[in-house]
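Residues per chain are reported as follows:
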Amino acid sequence: MKAIRRFTVRPVLPDTLRPLADLAHNLRWSWHEPTRELFASLAPEAPAGTDPVRVLGALEAPRLAALAADQDFLARLRTAAEDLDRYLHDPRWYQGRPGDAPAAVAYFSPEFGVAAALPQYSGGLGILAGDHLKSASDLGVPLIGVGLLYRHGYFRQSLGRDGWQQEQYPVLDPGELPVSLLREDDGTPARITLALPGGRSLHAHLWIARVGRVPLLMLDSDVEENAPCERSVTDRLYGGGSEHRLLQEMLLGIGGVRAVRTYTRLTGHPAPEVFHTNEGHAGFLGLERVRELQGEGVDFDSALETVRAGTVFTTHTPVPAGIDRFDRALVARHLGEDGALPGVDLGRILALGDEAPLGGETGVFNMAAMGLRLAQRANGVSTLHGAVSRSMFAGLWPGFDTEEVPITSVTNGVHAPTWVAPEVTRLAPDAGDRELWELRRTLRERLVTDVRERLRASWRQRGAAAAELGWTETVLDPDVLTIGFARRVPSYKRLTLMLRDKDRLRALLLHPERPVQLVVAGKAHPADDGGKRLVQELVRFADDPRVRHRIVFLPDYGMEMARGLYPGCDVWLNNPLRPLEACGTSGMKAALNGCLNLSVLDGWWDEWFRPDFGWAIPTADGAAAADEDRRDDLEAAALYELIERRVAPRFYDRGPDGVPAGWTAMVRRTLADLGPKVLADRMVREYVDRLYVPAAAARRALTPDRARDLAAWKARVREAWPRVTVDHVEVGDGLADDLADAELGATPVVRVRVALGALGPDDVEVQAVTGRVDADDTLAATRTVTLKPAGGPDLEGRLPYAGTLELDRTGSFGCTVRVLPAHPLLAHPAELGLAALPEETSGEGAGVLLR
């Protein structure tokens with residue numbers, strides 16, 4: 001028989017045990033070891049990492065009574081409760097900052113990986129978002145997280161007998177999760193509603209997860225008022241077709257803003273001054289805020305300026321294929337007068353998502369393009385990814401060189417208390433080599449035990465009988481060099497690069513003196529058959545009786561598995577196609593545990609690689625890079641060579657005491673020098689100082705009148721700009737004009753005449769741009785000098801400007817002049833994407849040659 005109704009029966013806790021409920025429902029326990037230990041003592045038989053909410057729900061009345069009478073336990077409970085109270089209310093880093101910091105920041109993401117007990121993530125984007133919330137909590141940053149509650153989460157992965165990935169979608173009951181329902185003052189559930197075409201409505205309830213000091217609001221469409229189609233909107237993470245995804249993103253963005261407004265109304269939490277869009281999925285939040293302002297009587301253009309000033313957009317994808325794109329007609333139908341945003345000009349909405357300047361299609365609505373147009377500040381997630389993003393989106397700022405595109409970077413970080421093994425945290429800074437080496441072996445041995453248990457469970461799921469599995473008792477060896485590789489399985493991450501030459505890999509695994517063992521995990525997207533074939537190829541190799549004691553594939557990779565995998569590995573492998581890894585934070589988590597990185601120079605590793613911390617896998621370039629097979633052959637060969645010639649010898653080069661001093665020195669430097677760089681605390685501080693505080697200041701500066709004036713000024717500049725020209729440029733040393741060459745240290749004068757049309761000198765900035773030049777006279781490593789007015793207009797109305805250059809570099813040198821729009825409320829000179837240059841920017845006399 002099957003139940004026709006499902007409900008959760010909660011335990012009634014005695015008064016002395018009431019603090020257990022508060023501790024269980026604040027996800028701080030997921031990174032606070034003393035609280036985890038407290039709940040582990042309640043149910044010693046439960047698997048490690050069991051959710052405290054489930055632990056409480058399973059306690060019988062006699063056990064509760066015994067705990068209520070256990071004075072030792074009650075003392076530990078009081079200590080934990082008092083510690084949580086101090087954590088939630090005492091001033092932290094943010095409260096010690098100057099008063100210019102925003103009162104609150106709303107952080108929107110389609111997924112959040114906070115804890116295994118709340119499986120609302122698929123990969124790096126969600127884990128990053130979860131770490132962002134946790135570090136914001138530790139620092140006291142008043143963040144409000146906004147996401148969706150997926151009733152099936154992502155998916156659980158298992159393997160068929162043939163190694164083919166299989167997916168299961170277990171139902172998540174919010175009553176069994178560490179979340180609570182937001183209610184109105186009269187006790188009814190708070191509800192968010194979006195209008196849909198055809199008179200339909202999409203309703204959602206709001207669940208709150210407490211991530212330390214940070215509330216995470218999650219919208220849930222599985223409510224009885226919805227029709228079946230709308231009820232399933234939040235069924236699965238990244239599931240369904242195009243319209244289903246559009247509805248998810250409308251609920252996240254538009255519904256998310258309404259959820260924030262509801263939450264602040266009911267709780268008194270300060271309203272956000274800054275809205276942070278983590279990837280384009282939540283981009284519709286800007287349109288909802290435009291609609292709010294229009295409801296207050298603000299026109300569209302002024303509302304747009306106000307919204308932009310207080311918005312931060314973070315892009316996580318280095319390829320156009322990773323961006324959500326929808327049919328324009330589908331967007332128009334759902335956001336028009338019969339949809340979710342009545343009263344907002346549909347033509348203006350569609351223009352925000354136009355991807356034509358990026359070389360895209362005219363009938364497509366691009367979520368990243370909209371996100372960038374709706375945000376005054378944008379960033380990539382590593383230095384290299386910032387450069388890749390500037391190139392990818394340069395079409396939105398057509399008047400500027402790629403390096404001037406206003407997209408900065410904040411390199412991702414990871415939350416150390418979540419990912420660092422407690423033994424590593426307790427390691428004394430002055431620990432000796434032997435102590436460090438023994439710790440590494442302890443962690444490796446623990447991983448081996450865990451891998452054997454998971455492998456047996458996987459084979460049983462694949463149909464193996466217990467009698468077939470005796471070999472799993474000898475899988476892996478706690479004294480063998482252990483390399484880890486675990487992540488999502490899109491093709492660019494190249495799960496199977498290690499299999500390029502199977503014979504050579506076998507030789508490495510079975511080396512008689514310096515063997516290597518591999519622990520591999522990863523999920524392919526359910527719709528990605530190519531990724532599933534990669535998983536199957538890896539599994540089939542690992543099933544080979546000749547090597548299965550040296551290489552394993554663990555299905556159902558997730559946070560709980562990762563917490564043991566990172567500390568237990570000696571080397572973390574990452575071999576994506578460069579530069580397609582935006583950041584790649586798994587190697588950061590490994591590094592915090594003293595695991596050395598072996599990686600392609602991509603993402604964060606390109607930025608912080610040092611020979612002290614690990615090894616860089618060479619990448620093919622030129623013609624070799626264009627041939628995919630040759631490229632992979634070359635890079636796989638380089639990987640094998642590194643492991644065989646450098647990594648394994650360093651690991652097995654032992655001194656008289658049996659300790660590899662060279663290896664432990666690298667571990668020590670990784671922990672001491674690399675560790676502080678990869679922290680999410682560093683990342684969140686950068687977001688606060690470089691993006692949140694400036695965004696809040698810009699938003700505060702835009703009073704309704706100033707927003708209207710700024711919008712009118714931009715419209716006037718755009719209309720007048722075609723008549724702004726640079727008509728005459730002279731570069732001289734005061735004695736002669738148009739220098740052919742100059743001495744180092746010279747200070748030539750630049751004189752220019754510009755026509756401004758209907759604009760005035762206060763509307764523009766005239767700049768001389770200097771830098772090195774190549775054979776095509778293209779400027780590089782540029783510097784700018786602001787030129788000043790140098791008199792009245794000539795007979796043709798052109799205005800003279802002049803300034804002095806400082807020639808402090810030798811070699812081929814060039815100069816040009818440009819005119820840019822200028823306004824004190826612009827965040828970046830390229831904000832409007834407008835620049836006027838000389839019609840003839842090259843040729844004789846256009847450059848200055850230094851010797």
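The rules behind each value
Residues numbered from 1 in each chain as written. Predicted model: local features only at pLDDT ≥ 70, side-chain atom pairs only at ≥ 80, totals over all residues. Heavy atoms only, no water. Axes fitted to C-alpha atoms, helices over the stretch in contact; angles between N-to-C directions. Helix = DSSP H or I, 4+ residues; strand = E, 2+ residues; numbered from the N terminus. Parallel < 35°, antiparallel > 145°, perpendicular 65-115°, else oblique. Left-handed = near helix turned anticlockwise from the far one by under 90°. Contact = heavy atoms within 4.5 Å. Nonpolar A, V, L, I, M, F, W, Y, C, P; charged D, E, K, R; others polar. Buried < 20%, exposed > 50% of the residue type's maximum accessible area, 1.4 Å probe, protein only. Polar contact = N/O pair within 3.5 Å; in protein donor to acceptor, adjacent residues only side chain to side chain. Expected span 1.5 Å × (residues − 1). Pairing = 2+ DSSP bridges. Phe/Tyr/Trp six-rings, centres within 6.5 Å; stacked < 30°, edge-to-face > 60°. Lys NZ or Arg CZ within 6 Å of the ring centre and 35° of its normal. Salt bridge = Lys/Arg side-chain N within 4 Å of Asp/Glu carboxyl O. Core = buried A, V, L, I, M, F, W, Y, C linked by side-chain atoms within 4.5 Å. pLDDT = per-residue confidence, 0-100.

In the contact formed by helix 8 (residues 242-267) and helix 11 (residues 328-335), the axes pass within 11 Å of each other and the chain directions differ by 45°. When the interaxial angle is binned, helix 8 and helix 11 end up oblique. The interaxial crossing formed by helix 8 with helix 11 has right-handed handedness. Where helix 8 approaches helix 11, its residues Ser-242, Glu-243, Leu-246, Leu-247, Met-250 and Ile-254 are matched on the opposing element by Leu-330, Val-331, His-334 and Leu-335. Classifying every residue of the contact of helix 8 with helix 11 by side-chain character gives 7 nonpolar, 2 polar and 1 charged.

Looking now at the side chain of Asp-324. By the secondary structure assignment, Asp-324 is in the loop between strand 10 (311-314) and strand 11 (325-327). Using a relative accessible area of 15% as the deciding quantity, one classes Asp-324 as buried. Of note is the side chain of Asp-324, whose polar atom sits 2.7 Å from the side chain of His-281. Excluding anything up to four places from it in sequence, Asp-324 contacts Arg-245, Glu-249, His-281, Phe-365, Asn-366 and Met-367.

Here we take up helix 6 (residues 124-139). Over its 16 residues, helix 6 runs 22 Å from end to end, which matches the ideal 22 Å to within 8%, given 1.5 Å per residue. For helix 6, the buried fraction is high: 15 of the 16 residues fall into the buried class. Positioned one or two residues after helix 6, Gly-140 has a phi angle of 80°, which is positive.

Right, let's talk about the sheet that holds strand 17 (residues 551-554) for a bit. Across the sheet, which stays open at both edges, the 6 strands sit in the order 17-16-15-18-19-20 with parallel pairing between neighbours. Every other strand in the sheet has two partners, leaving strand 17 and strand 20 (614-617) as the edge strands with one partner each. With direction set aside, neighbouring strand axes in the sheet form an average angle of 20°. Bridge count between strand 16 (residues 516-521) and strand 17: 4 bridges; the pairing is parallel. Considered in strand 17, the bridge of Val-520 is made with Phe-553. Packed onto the sheet, helix 19 (residues 529-543) meets strand 16 and strand 17 and runs at close to 140° relative to strand 17.

This brings us to the packing of aromatic side chains. Think of a pair of aromatic rings as described by two things: how far the centres are apart, and how the planes are tilted against each other in angle. Under the counting rule described, the total for this entry stands at 17 aromatic pairs. Where Tyr-687 meets Tyr-692, the ring centres are 6.0 Å apart and the plane angle is 25°; that geometry is what we call stacked. When sorted by exposure, Tyr-687 lands in the same class as Tyr-692, which is buried. Aromatic rings pair up to connect Trp-437, Trp-615, Phe-651, Tyr-652 and Trp-663 into one cluster. Positioned over the ring face of Trp-471 is Arg-548, at 4.0 Å from the centre of the ring.

Right, let's talk about helix 20 (residues 559-568) for a bit. Across the 10 residues that make up helix 20, a large majority, 8, are buried. Of the residues making up helix 20, those classed as buried are Met-559, Met-561, Ala-562, Arg-563, Leu-565, Tyr-566, Pro-567 and Gly-568.

On to the pattern of salt bridges. As enumerated under the stated definition, the model contains 64 salt bridges in all. In this structure, Arg-36 and Glu-33 form a salt bridge, with 3.8 Å as the shortest nitrogen-oxygen distance. Taken together, the residues Arg-36 and Glu-33, both in helix 2 (residues 33-42) and 3 residues apart, mark about one turn of the helix. With its nearest N and O atoms 3.0 Å apart, the salt bridge here joins Arg-245 to Asp-324. Of this pair, Arg-245 sits in helix 8 while Asp-324 sits in the loop between strand 10 and strand 11, and the two are 79 residues apart along the sequence. Since its relative accessible area comes to 17%, Arg-245 is described here as buried.

Once that is clear, we can look at the nonpolar core. Among the nonpolar cores identified, the biggest contains 96 residues, and Leu-481, Leu-598, Trp-615 and Trp-663 are the most heavily contacted of them. Leave out the neighbours within four places in its chain, and Leu-481 touches Pro-515, Val-516, Gln-517, Asp-570, Val-571, Val-647, Ala-648, Phe-651, Tyr-652 and Trp-663. In this structure, Ile-192, Val-257, Ala-340 and Met-370 belong to the second largest nonpolar core, which totals 60 residues.

Mapped onto the fold, Gln-120 is located in the loop between strand 1 (105-108) and helix 6. On the accessibility criterion, Gln-120 (1% relative accessible area) is buried. Beyond its immediate stretch of four places on either side in the chain, Gln-120 contacts Glu-111, Phe-112, Leu-148, Leu-149, Tyr-150, Gly-153, Leu-172, Met-218 and Leu-237.

What follows concerns the pairing of strand 9 (residues 274-278). Residues in a regular strand project their side chains so that they alternate between the two faces of the sheet. Among the 5 residues that make up strand 9, 5 are buried, leaving the element largely enclosed by the rest of the structure. What you see with strand 9 is no split at all: Val-274, His-276 and Asn-278 on one side and Phe-275 and Thr-277 on the other are buried throughout. With 4 bridges joining them, strand 1 and strand 9 adopt parallel strand pairing. Residue pairing for strand 9: Val-105 is matched across the bridge by Val-274. As paired elements, strand 9 and strand 10 share 4 bridges and run parallel to each other. When the sheet's bridge partners are listed, Asn-278 is paired in strand 10 with Thr-314.

A few words now on unusual backbone geometry. Note: most residues except glycine have negative phi, and most peptide bonds are trans. In the segment running from Arg-578 into Pro-579, the intervening peptide bond is cis, with an omega of 5°. By the secondary structure assignment, Pro-579 is in the loop between strand 18 (571-574) and helix 21 (586-592). The backbone of Glu-279 shows a phi angle near 75°, a positive value even though the residue is not glycine. Tracing the backbone through its elements, the reader meets Glu-279 in the loop between strand 9 and helix 9 (285-295). Its relative accessible area of 6% is what places Glu-279 among the buried residues.

It is worth spelling out the confidence of the model for the protein at this point. For the protein, the mean per-residue pLDDT works out to 93, and 97% of the residues sit at or above 70. This model gives residues 841-851 a pLDDT under 50, and the stretch forms 33 contacts once residues within four places in sequence are excluded.

The geometry of a pair of packed helices is captured by two quantities: the angle between their axes and the separation between those axes. One way to put it is that helix 17 (residues 433-461) packs onto helix 25 (residues 661-674) with a least axis distance of 10 Å and a crossing angle of 85°. On the basis of their axis angle, the class for helix 17 and helix 25 is roughly perpendicular. Judged by residue contacts, Asp-433, Leu-436, Trp-437 and Arg-440 of helix 17 engage Ala-661, Trp-663, Thr-664, Val-667, Arg-668 and Leu-671 from helix 25. Its residues placed into classes, the contact of helix 17 with helix 25 shows 6 nonpolar, 1 polar and 3 charged.

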